[in-house]
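Listed below are the residues making up each chain.
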Amino acid sequence: MSTWALVGSPNSGKTTLYNWLTGARAKTVNYPGATVEYSVGPLRTQLSEKFDNFQANIIDTPGVYSLNPQSEDERVTYKTLFDRKNFRYPIDGVLVVADGTQLNRHLVLAEQLKESGYPVILIVTMMDLLEKEGDVFNTELLKTKLNIPVVQFDGVLGRGLDHLILLMKQPLKALDTIQAPVWNIEKQKDMLEWAQQASDQVLVKKNKEHNSALKLTAKLDQVFLHPVLGLIIFFLLMTLLFASIYWMAQPIMDAVDGLFSVVSKEITNRIPNLFGDFLGTGLIAAIGGIVIFIPQIFILFLGIGILEATGYLARVGALIDRPLSALGLGGRSFVPVLSGFACAIPAIMATRNITSKKERLIAQSIIPFMTCSARLPVYGLMIGFLFGDENPFKAGFIMAVLYFGGILVGGIASKILSMIVKGEKQSRLMMELPLYRRPRFRIIFLQAFSKAKTFMFRAGPIILVLALVLWFGTNYPRPPAGTEMSPAQLAEQSYAAQVGRAIEPVFKPLGVDWRVGFGLISAFAAREVFVSALALVFNIEGENEVQTKGLQTAMREATFPDGTKIFTVATVVGILIFFMIALQCISTVGILKREAGSWTPALLQLILSNIFAYGLAVVVVNVLKSFGL
Amino acid sequence: MIIDKIESLTNEPSAQEMVQRLYELGLRPGIQVKIITRISFGTVTVIEYGHTRLALNEQEMACLHGH
């Protein structure tokens, strides 16, 4: 089986081709630097069967401008190609991907790769854009100029794929010395001139003045890159995105809530004894606690997906480079930080695209403060508790405030770190602004769906284990044979209550009891599990009439033994503040360690952010309580 | 603006890498670039050459010398 690496400049269409070749659904976006790690996949079965069972491995690599790596993501590509002893999949050939509209630059990389000793096939992408402009592309002439096979590829329809596989099927020559050619600036200059001439000759423009994609980009940039209007539009778009997560999802969330209440009630009534009780009020309620937030997660990913696909995000990076520089970051940090609103793990990996070590470390440290999708269920539940269903716009506004609160905390942390961490004074920007493209809604929709599914299945096993542990903990030990005990008495002497009483002093200053404390501890497995843990602990423990009601109702009725309410405005705000600041996700700590190459920053962040979150939450809860809230 | 030379004001390795990257992005002496706008409180310049739009900060823009 041969192994082929897809190599090309950022945003040239490598991942789109990778998806066509392997059938994968790797994320494709319209900004440079989206791929920061290599992906490997076998040639799709249908393609393999179509070409006499031809087998090949395809490796997608982060974009590079040359074989002189300057950032961590570029080093990934460099090692994939040239660290042949240590790389798991020795490369047999390189598929160089070049944007047809940028041939005057991208041909240089093709030539450099040819010099490295690898067999090379050049794939010219964005053919749909060239055709739209009426440009004529002379493949044969380019083939002659480069002396390598050339394939035209259309990423929308997949045209050119068969031709490419036929070329990959040709017997490969044995590899001699594989080495990255080192070019000085003079050589680079010569190669650029050669590429410009070659590009001018192979691409005949029908009408030099006419270019609708460029014209559209120029028009849109007059608005989106306006020094003042551009900033206003950015803030409005972000507020709209964060607020819509709440109010757009609300009707669907209500429907899901109703459905789970009915199912939970039916199961509890139809299946007798403890097992029915476990299934209905335990497991189903816990799963419902998470599923209800899927519409919000979906809307979040859909919103980010649309922004990514249009080409707008790279512009925002440039637009807010100066304000970010004042905080020790730069425009290149914007996309990774924004990705943190979906999930911190890929976002921290996306910082590989940042050239400056100092900026990269600061960006990695502040990403966990961004409101990731796992915080959404907690925010949704608490905001719902505060406002009910009556005022979705006010609730949406509070959601936006929480998002901006996370940004503010991240900003302060960034400023402090920029004063402590040594390194370059000014970060690199040098950011390509891609042409605007119309989003392909089907793909964005599928990607958002896939993310929401991943979110559900990530939490699923943890919820199941929690449900089992908690059900056992609250129902055992059973009373001796012949002894009658009320559910309240049973709960009082249960294992869970015994452990709860031991840990309660830690959570008392937050104004909550051991049950909420249990939820806060469970959230270290995954933040969203907090909601399921509350659903489990309040439903299993509650009286029968409470069991079939929603979690928010159970929260409203939950009291301390002296009859005072557990969930008040003060305690709910305290919980929100804790979740806004605390680093609870253990997977994020693992990624921080991997990307920084040391446990020190990861563990420091874990300890400091949790202490700070706890301390601030305690102060706020007690201040609000003193106002009678 | 037509670029006359691309040169950094300092000889630091990071500055040399910056110049190298400007070349890799397709900028070279003789090429015509159009200044589109200055954003981010005047510190970022957006230039256009061919089909490429590039945002450069002050330090990067200072490497482009032209008339």
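Up top is the structure these notes are about.
Residues numbered from 1 in each chain as written. Chains lettered and ligands numbered in written order. Predicted model: local features only at pLDDT ≥ 70, side-chain atom pairs only at ≥ 80, totals over all residues. Heavy atoms only, no water.

(A) Inspection of the overall build of chain A at higher detail. When you go through chain A residue by residue, the secondary structure sums to 30 helices and nine strands. Against the compact-globule benchmark of 25 Å for 629 residues, chain A has a radius of gyration of 28 Å, which places it among compact chains. Summarising its shape, the C-alpha atoms of chain A cover approximately 90 × 55 × 45 Å along the three principal directions. Across the 629 residues that make up chain A, the buried fraction comes to 57%. Of all intrachain contacts in chain A linking residues separated by at least 6 positions in sequence, the fraction that spans at least 24 positions is 75%. In the structure as shown, chain A presents an accessible area of about 26900 Å², 62% of it carried by carbon and sulfur atoms. Put simply, chain A has 58 plus and 48 minus side-chain charges, and the middle of one group is 3 Å from the middle of the other. (Helix = DSSP H or I, 4+ residues; strand = E, 2+ residues; numbered from the N terminus. Rg over C-alpha atoms; globule rule 2.2 N^0.38 Å. Buried < 20%, exposed > 50% of the residue type's maximum accessible area, 1.4 Å probe, protein only. Contact = heavy atoms within 4.5 Å. Areas by Shrake-Rupley, 256 points an atom, 1.4 Å probe, with all protein chains shown as cover. Lys, Arg positive; Asp, Glu negative; His and termini not counted. Charge placed at Lys NZ, Arg CZ, Asp CG, Glu CD.)

(B) Molecular detail of the interface of chain B and chain A. The interface is formed by 34 residues belonging to chain B together with 40 residues belonging to chain A. For the pairing of chain B and chain A, the buried interface totals around 3400 Å² over both sides, and the portion due to carbon and sulfur atoms is 58%. Viewed at the interface, chain A and chain B are joined by two salt bridges. For the salt bridge of Glu74(A) with Arg21(B), the shortest nitrogen-to-oxygen distance reads 2.8 Å. Applying the counting rule to chain B against chain A returns 16 residue pairs in polar contact (both at pLDDT 80 or more). Taken together, the elements giving at least two residues each to the side of chain B that touches chain A come down to helix H1 (13-24), strand S2 (34-39), strand S3 (44-49), strand S4 (52-57) and helix H2 (58-61) of chain B. The biggest single contributor to the side of chain B that touches chain A is H1(B), with nine residues. Residues that form the side of chain B that touches chain A fall into these classes: 14 nonpolar, eleven polar and nine charged. In the sheet, strand S9 (residues 431-432) of chain A pairs with S4(B) via two bridges, with the strands oriented antiparallel. Bridge pairing links Met431(A) to Ala55(B) in S4(B). (Buried area = accessible area lost by both parts, 1.4 Å probe. Salt bridge = Lys/Arg side-chain N within 4 Å of Asp/Glu carboxyl O. Polar contact = N/O pair within 3.5 Å; in protein donor to acceptor, adjacent residues only side chain to side chain. Nonpolar A, V, L, I, M, F, W, Y, C, P; charged D, E, K, R; others polar. Pairing = 2+ DSSP bridges.)

(C) Seen up close, the sheet that holds S3(B). A sheet is described by the order of its strands in space; here four strands give the open sequence S9(A)-S4(B)-S3(B)-S2(B), paired in antiparallel fashion. Either end of the sheet is taken by a strand with one partner, and the two such strands are S9 of chain A together with S2 of chain B. Bridge count for S2(B) against S3(B) is five bridges, and the pairing is antiparallel. When the sheet's bridge partners are listed, Thr37(B) is paired in S3(B) with Val46(B).

(D) Region of the structure containing a nonpolar patch on the surface. Residues and elements named next belong to chain A. Taken together, the side chains of Val-223, Val-228, Leu-229, Ile-232 and Leu-236 define a hydrophobic patch exposed on the protein surface, amounting to about 430 Å² of accessible area. The leading source of residues in the nonpolar patch is helix H10 (residues 229-247), at three residues. By relative accessible area, which is 39% here, Leu-229 ends up partly exposed. (Patch = residues over 30% accessible without salt bridge, like charges linked within 9 Å, V, L, I, M, F, W, Y side chains within 5 Å.)

(E) Representation of the sheet that holds strand S3 (residues 56-60) of chain A within the structure. All names here are of chain A. Taken together, the six strands give an open sheet; going across it, the order is S2-S3-S1-S4-S5-S7, and neighbouring strands pair in mixed fashion. Sheet topology places strand S2 (39-42) and strand S7 (150-152) at the edges, where each strand pairs with a single neighbour. Taking the axes of each pair of neighbouring strands and ignoring which way they run, one obtains an average angle of 25° across the sheet. (Axes fitted to C-alpha atoms, helices over the stretch in contact; angles between N-to-C directions.)

(F) Region of the structure containing the side chain of Asp513(A). All names here are of chain A. Tracing the backbone shows Asp-513 in the loop between helix H23 (495-507) and helix H24 (514-522). On the accessibility criterion, Asp-513 (4% relative accessible area) is buried. At 2.7 Å, the side chain of Asp-513 and the side chain of Arg-515 are in polar contact.

(G) The packing of helix H6 (residues 139-146) of chain A against helix H8 (residues 185-202) of chain A, seen in detail. All names here are of chain A. Look at H6 against H8: their axes get within 9 Å of each other, and the N-to-C directions meet at 155°. It follows from the interaxial angle that H6 and H8 lie roughly antiparallel. The way H6 lies across H8 gives a crossing that is right-handed. Counted together, Leu-141, Leu-142, Lys-145 and Leu-146 of H6 and Trp-194, Ala-198, Gln-201 and Val-202 of H8 form the full contact between these two elements. Partitioned by chemical class, the residues of the contact of H6 with H8 number six nonpolar, one polar and one charged. (Parallel < 35°, antiparallel > 145°, perpendicular 65-115°, else oblique. Left-handed = near helix turned anticlockwise from the far one by under 90°.)

(H) Representation of the packing of aromatic side chains. Residues and elements named next belong to chain A. Tallied over the full model, the rule gives 13 aromatic pairs over all chains. Ring plane angle 65° and centroid distance 5.2 Å describe the contact between Phe-224 and Tyr-312, whose orientation is recorded as edge-to-face. Within this pair, whereas Phe-224 is found in helix H9 (residues 212-224), its partner Tyr-312 is found in helix H14 (residues 312-319), the two being separated by 88 residues in sequence. Overall, Tyr-312 belongs to the buried group, its relative accessible area being 3%. (Phe/Tyr/Trp six-rings, centres within 6.5 Å; stacked < 30°, edge-to-face > 60°.)

Read these as layout, nothing more, since geometry by itself doesn't imply function.
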